[in-house]
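Summary of the model geometry
Listed here are the chains, written in short residue letters.
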Amino acid sequence: MNGTLTVFFQSLFSGNIELPQKLFGIFTFYFASFSDFLAMASNGISYSFFVWLSFGLTYLLLSVLLGWSLYQQRQFKQQMAAKLAREQRVKQYQEQQT
């Protein structure tokens, strides 16, 4: 099993771009070469634009969602700190009045 993975990566990163037919005896490759995989070419029809565009948009939207969530968390923490400080000041003022 480890030898199959080694052959796969050697063929992937060397001048030989032919992919093995099966990896670990489980995964079947449906493309003749790595360049066909990137082009998503099957029987002369290329789906690469739609496939890679959908991957790109998905990762872009996930990144925006993650960034927005972190921004909202920071804003919430700042608001809570301000609210607690305000409550502390009100409590100190009320204690001074009595």
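Residues numbered from 1 in each chain as written. Predicted model: local features only at pLDDT ≥ 70, side-chain atom pairs only at ≥ 80, totals over all residues. Heavy atoms only, no water.

**Considerations on the overall build of the chain**
Counting its regular elements, the chain contains three helices and four strands. Buried positions account for 9% of the 98 residues belonging to the chain. Contacts in the chain between residues far apart in sequence, at least 24 positions, make up 0% of those at least 6 positions apart. Accessible area of the chain: about 8,400 Å², with a carbon and sulfur share of 65%. (Helix = DSSP H or I, 4+ residues; strand = E, 2+ residues; numbered from the N terminus. Buried < 20%, exposed > 50% of the residue type's maximum accessible area, 1.4 Å probe, protein only. Contact = heavy atoms within 4.5 Å. Areas by Shrake-Rupley, 256 points an atom, 1.4 Å probe, with all protein chains shown as cover.)

**A look at a nonpolar patch on the surface**
Judged by side-chain polarity, Leu38, Trp52, Phe55, Tyr59, Leu62 and Leu65 come together as a nonpolar surface patch covering roughly 620 Å² of accessible area. Broken down by element, the residue count for the nonpolar patch peaks at five residues, all from helix α3 (residues 48-97). Turning to its location among the elements, Leu65 is positioned in helix α3. (Patch = residues over 30% accessible without salt bridge, like charges linked within 9 Å, V, L, I, M, F, W, Y side chains within 5 Å. Salt bridge = Lys/Arg side-chain N within 4 Å of Asp/Glu carboxyl O.)

**Notes on the packing of aromatic side chains**
Across all of its chains, the model carries four aromatic pairs by this definition. Summarising the aromatic geometry, the rings of Phe55 and Tyr59 are spaced 6.5 Å apart at their centres and angled 20 degrees between planes, so their arrangement reads as stacked. Of the two residues, Phe55 and Tyr59 both sit in helix α3, four residues apart, roughly one turn of that helix. Aromatic pair Trp68 and Tyr71: ring centres 5.4 Å apart, planes at 35 degrees, arrangement tilted. Placement of the pair is Trp68 and Tyr71 together in helix α3, with a separation of three residues, close to one helical turn. Relative accessible area serves as the criterion here: at 35%, Tyr71 is assigned to the partly exposed category. Three or more aromatic residues joined by ring pairs make a cluster, and in this case those are Trp52, Phe55 and Tyr59. (Phe/Tyr/Trp six-rings, centres within 6.5 Å; stacked < 30°, edge-to-face > 60°.)

**Brief notes about the confidence of the model for the chain**
Model confidence for the chain is summarised by a mean pLDDT of 79, while 62% of its residues fall at 70 or above. Across the chain, element-level confidence peaks in α3 with a mean pLDDT of 95 and bottoms out in strand β1 (residues 22-23) with 57. (pLDDT = per-residue confidence, 0-100.)

**Examining the environment of Phe49**
Following the sequence through the fold, Phe49 ends up in helix α3. Linking Phe49 and Leu38, residues 11 residues apart in sequence, is a C-alpha distance of 9.9 Å.

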